[in-house]
Amino acid sequence: MSKKIIILLGPPGSGKGSQAALIEQKLHYPHISTGDLLRAEMKAKTPLGLEAMSYVNEGKLGPDSLIFNIITKRIAQDDCKEGFILDGFPRNIKQGEYFQEKLNIDGNDVIVLNFELPDATIIERLSGRLICKDCGHPFHIKFTPPKKEGKCDKCGGELYQRADDAKEVIQHRLQVYAKQTEPLIQFYDDLQILKTIDCSPTPQLIFKQIVKKIG
Ligand code: AMP
């Protein structure tokens, strides 16, 4: 059966995770974030998680073979039968080619949403981001502060700053994005499945653009 696959392409901090959650609610396809999958392994201190810690915390990309392993297993699960939303994969041309050749083999309906946002806005968003240790809900020191300092409004869990949201690491992640991930924009444009999303307005207005493009 052909699936609907939505790939979210965009720099760190462009709001892919928040928008993926909204798309998930609307279409009932699972949101698959390779970053979240790696962080779950890190939290559980599995061998894979311990290995991931060095590159995730430094904002470097992990080895393609390991990412292929994780993503292949995840999209083979039952909840992906009708479709899924990819957030953070593919992250370079090799991963894009792997996905097209090895994982996207059933004539699926693939749409790539290219999230655009200036670097200065990204740095402001990421350097103020706080995440709940328990439920993963994101807050922002300035734009969406928690009601009680350091505590999650949703579940009361402790809030923390991701190690890779430190200012120097953000700069590095943006460089990695420009060098390794941005070439995928041309790759998907050539396949005529790329749609651009302006991520400077509010999350609600960004979602409106997305709904129009995913049909
Ligand atoms: P994210 O949550 O998408 O910002 O990802 C956090 C980190 O996980 C990245 O900085 C990488 O270290 C790693 N990572 C996530 N997805 C990938 C991928 N597709 N390829 C390589 N590394 C990845």
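This structure is a prediction, so every number in the text was calculated from the model and none was measured. (Residues numbered from 1 in each chain as written. Predicted model: local features only at pLDDT ≥ 70, side-chain atom pairs only at ≥ 80, totals over all residues. Heavy atoms only, no water.)

Trainee: Just give me the short version of helix H2 (residues 34-43), but keep the residues and values in it.
Mentor: Given 3.6 residues per turn, any residue in an α-helix points the same way as the ones three and four places further on. Among all positions of H2, only Thr34, Gly35, Leu38, Arg39 and Met42 are buried. Taken around the axis of H2, the buried residues stretch over an arc of 135°, which confines them to a single face. Residue Lys45 follows H2 closely and has a positive phi angle near 55°. (Buried < 20%, exposed > 50% of the residue type's maximum accessible area, 1.4 Å probe, protein only. Helix = DSSP H or I, 4+ residues; strand = E, 2+ residues; numbered from the N terminus. Arc of directions from axis to C-beta.)

Trainee: Account for the side chain of Asp64, naming residues and giving values.
Mentor: Tracing the chain through its elements places Asp64 in helix H4 (residues 64-75). A polar contact of 3.1 Å, which involves the side chain of Asp64, links it to the side chain of Asn92. Excluding anything up to four places from it in sequence, Asp64 contacts Asn92, Lys94 and Gln95. (Polar contact = N/O pair within 3.5 Å; in protein donor to acceptor, adjacent residues only side chain to side chain. Contact = heavy atoms within 4.5 Å.)

Trainee: Describe helix H6 (residues 119-127), with residues and values.
Mentor: Among all positions of H6, only Ile122, Ile123 and Leu126 are buried. Buried residues in H6, looked at end-on, bunch into an arc of 100°, giving them a common side. Lining the buried residues of H6 we find strand S5 (129-132) and helix H7 (167-181).

Trainee: Go over the pairing of strand S1 (residues 4-9), please, and point to the residues and values.
Mentor: Of all 6 residues in S1, 6 are buried; the element is thus mostly enclosed. By the alternation rule, side chains of S1 split into Lys4, Ile6 and Leu8 and Ile5, Ile7 and Leu9, which are all buried. Here 5 bridges tie S1 to strand S3 (residues 83-87), and the two strands are oriented parallel to one another. Each bridged residue has a counterpart across the sheet, and for Lys4 the counterpart in S3 is Gly83. Pairing between S1 and strand S4 (residues 109-116): 6 bridges, direction parallel. Each bridged residue has a counterpart across the sheet, and for Ile7 the counterpart in S4 is Val112. (Pairing = 2+ DSSP bridges.)

Trainee: For the sheet that holds strand S7 (residues 159-160), give the residues involved together with the corresponding values.
Mentor: With antiparallel pairing, 3 strands are arranged side by side in an open sheet as S6-S5-S7. At either end of the open sheet lies a strand with only one pairing partner, and these are strand S6 (138-140) and S7. Examined bridge by bridge, S5 and S7 share 2 bridges and lie antiparallel to one another. Paired with Cys132 across the two strands is Leu159, which belongs to S7.

Trainee: So what about the sheet that holds S3? Which residues, and what values?
Mentor: Read from one edge of the open sheet, 5 strands run S2-S3-S1-S4-S8, paired in parallel fashion. Two strands in the sheet have a free side with no partner beyond their single neighbour: strand S2 (31-33) and strand S8 (194-198). Averaged over all neighbouring strand pairs, the angle between strand axes comes to 25°, with direction disregarded. Each of S2 and S3 is contacted by H2, which is oriented at about 65° to S2, the strand it contacts most. (Axes fitted to C-alpha atoms, helices over the stretch in contact; angles between N-to-C directions.)

Trainee: How would you explain the nonpolar core if you had to name every residue and give the values?
Mentor: Side chains of a nonpolar character, in soluble globular proteins, are inclined to be buried together. Within the largest apolar cluster, 29 residues are counted, with the highest numbers of intra-cluster contacts made by Leu86, Phe99 and Tyr188. For this core, the secondary structure elements donating two or more residues are S1, H2, helix H3 (47-58), H4, S3, helix H5 (93-103), S4 and helix H8 (183-190). With 6 residues, the single largest contributor to this core is H4. Among residues more than four places away in sequence, those in contact with Tyr188 are Ile7, Leu9, Pro90, Gly96, Gln100, Val112, Ile193 and Leu194. Judged by nonpolar contacts, the second largest core, of 21 residues, contains Ile6, Ile111, Leu113 and Cys199. (Core = buried A, V, L, I, M, F, W, Y, C linked by side-chain atoms within 4.5 Å.)

Trainee: Just give me the short version of the pattern of salt bridges, but keep the residues and values in it.
Mentor: Considering all chains together, one arrives at 12 salt bridges under this definition. With its nearest N and O atoms 2.8 Å apart, the salt bridge here joins Lys142 to Glu124. On the criterion of sequence distance, the pair formed by Lys142 in the loop between S6 and S7 and Glu124 in helix H6 is long-range, its members being 18 residues apart. On the accessibility criterion, Glu124 (35% relative accessible area) is partly exposed. (Salt bridge = Lys/Arg side-chain N within 4 Å of Asp/Glu carboxyl O.)

Trainee: I'd like a rundown of the packing of H7 against H8, residues and numbers included.
Mentor: The description of two helices packed together rests on the angle between their axes and the distance between the axes. Between H7 and H8, the shortest axis-to-axis distance is 5 Å and the interhelical angle comes to 35°. Two secondary-structure elements touch here, H7 through Tyr177, Ala178, Lys179, Gln180 and Thr181 and H8 through Pro183, Leu184 and Ile185. Here the residues of the contact of H7 with H8 sort into 5 nonpolar, 2 polar and 1 charged. (Nonpolar A, V, L, I, M, F, W, Y, C, P; charged D, E, K, R; others polar.)

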